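Tertiary structure, described
These are the residues of each chain, in order.
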Amino acid sequence: MNNKDAHKALTTLAKSDGWEYMKQIMNDEILTSAFQLAESPDMTEKEIDFRRGAIWAARQLLSMPDKLLLKLENELILDEAKKQHGV
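Keep in mind that what you see is a predicted model, and the values were worked out from it rather than measured. (Residues numbered from 1 in each chain as written. Predicted model: local features only at pLDDT ≥ 70, side-chain atom pairs only at ≥ 80, totals over all residues. Heavy atoms only, no water.)

**Overview of the overall build of the chain**
Here is the rule: Only DSSP runs of H or I reaching four residues or more are called helices, and only runs of E reaching two or more are called strands; each is numbered from the N terminus. The size measure is the radius of gyration over C-alpha atoms, and the globule rule it meets is 2.2 Å times the number of residues to the 0.38 power. Throughout this description, buried means an accessible area under 20% of the type-specific maximum (1.4 Å probe, protein chains only), exposed means over 50%, and partly exposed covers the range between. Residue contacts are counted whenever heavy atoms from the two residues lie within 4.5 Å of one another. Where accessible areas are quoted, they stem from the Shrake-Rupley method and a 1.4 Å probe; at the residue level, only the protein chains shown are allowed to cover.
Across its full length, the chain holds three helices and zero strands. Secondary structure elements of the chain, listed N to C terminal, follow the sequence α-α-α. By the compact-globule yardstick of 12 Å for 87 residues, the chain is too spread out, its C-alpha radius of gyration being 19 Å. Each of the three principal axes of the chain carries a C-alpha extent, and together these read 65 × 30 × 15 Å. In the chain, which comprises 87 residues, the proportion classed as buried is 16%. Of the contacts made within the chain by residues no fewer than 6 positions apart, 68% connect residues no fewer than 24 positions apart. Only carbon and sulfur atoms are counted for the fraction: they give 59% of the accessible area of the chain, which is about 7000 Å².

**Notes on the packing of helix α1 (residues 3-15) against helix α3 (residues 45-84)**
Put simply, the rule reads: Orientation is described by lines fitted to C-alpha atoms, with helices fitted over the stretch in contact, and by angles between N-to-C directions that extend from 0 to 180 degrees. Note on terminology: angles under 35 degrees are roughly parallel, angles over 145 are roughly antiparallel, angles of 65 to 115 are roughly perpendicular, and the others are oblique. Here is the rule for handedness: rotate from the far helix to the near one, and if that takes an anticlockwise turn smaller than a right angle the crossing is left-handed, while a clockwise turn gives right-handed. For this scheme, ten residues count as nonpolar: Ala, Val, Leu, Ile, Met, Phe, Trp, Tyr, Cys and Pro. Four count as charged, namely Asp, Glu, Lys and Arg, and the remainder, Gly too, count as polar.
Running from N to C, α1 and α3 cross one another at 150°; their axes reach a closest spacing of 9 Å. The angle between α1 and α3 falls in the class roughly antiparallel. Along this stretch, α1 crosses α3, giving a crossing that reads as left-handed. Only Pro65, Leu68, Leu69, Leu72, Glu73, Glu75, Leu76 and Asp79 of α3 make contact with α1, whose side of the interface consists of Asn3, Lys4, Ala6, His7, Leu10, Thr11, Leu13 and Ala14. Among the residues forming the contact of α1 with α3, the class breakdown is nine nonpolar, three polar and four charged.

**Quick look at a nonpolar patch on the surface**
Let me state the cut-off plainly: To count toward a patch, a residue needs a relative accessible area above 30% and no salt bridge. Like charges then connect within 9 Å, nonpolar side chains (Val, Leu, Ile, Met, Phe, Trp, Tyr) within 5 Å. The working definition used for a salt bridge is a side-chain nitrogen of Lys or Arg within 4 Å of a carboxyl oxygen of Asp or Glu.
A cluster of nonpolar side chains, contributed by Tyr21, Met22 and Ile25, occupies part of the molecular surface with about 310 Å² of accessible area. Summarising the element assignment, Met22 is placed in helix α2 (residues 17-39). Exposure remark for Met22: the relative accessible area of 41% places this residue in the partly exposed category.

**Observations regarding the side chain of His7**
Within the secondary structure layout, His7 lies in helix α1. Discounting residues that sit within four places of it in the chain, His7 has contacts with Leu69, Leu72, Glu73 and Leu76.

**Description of the pattern of salt bridges**
Any two side chains of opposite charge can pair, given that their charged atoms come close. Within this structure, the stated rule accounts for four salt bridges. Note that Lys23 and Glu20 form a salt bridge whose closest N and O atoms lie 3.4 Å from each other. Highlighted residues: Lys23 and Glu20, both in helix α2, separated by three residues, approximately one helical turn. The exposure class assigned to Glu20 is partly exposed, which follows from its relative accessible area of 39%. Residue Asp49 is joined to Arg52 by a salt bridge in which the shortest nitrogen-to-oxygen separation is 3.8 Å. Taken together, the residues span about one helical turn, with Asp49 and Arg52 both in helix α3 at a distance of three residues. For Arg52, a relative accessible area of 54% puts it in the exposed group.

Shown next as structure tokens:
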């Protein structure tokens, strides 16, 4: 898939109702995990680390379309500049 097609696909995904639904579910899960961390004083260190890692991973996934769109936009601008300068 070229950069232009990937950008279009990600833009469509980011604006879709399905992605909005997934974001809401993931945000609810992040909140639930955070509450469990706060309300369970007898968790082992490994369990705390696991939950923190799960929260971090979910937040990274939530921001992935925006990060990828920014990367692709920069690559498209660079490609256009190369075309204009014959590189």
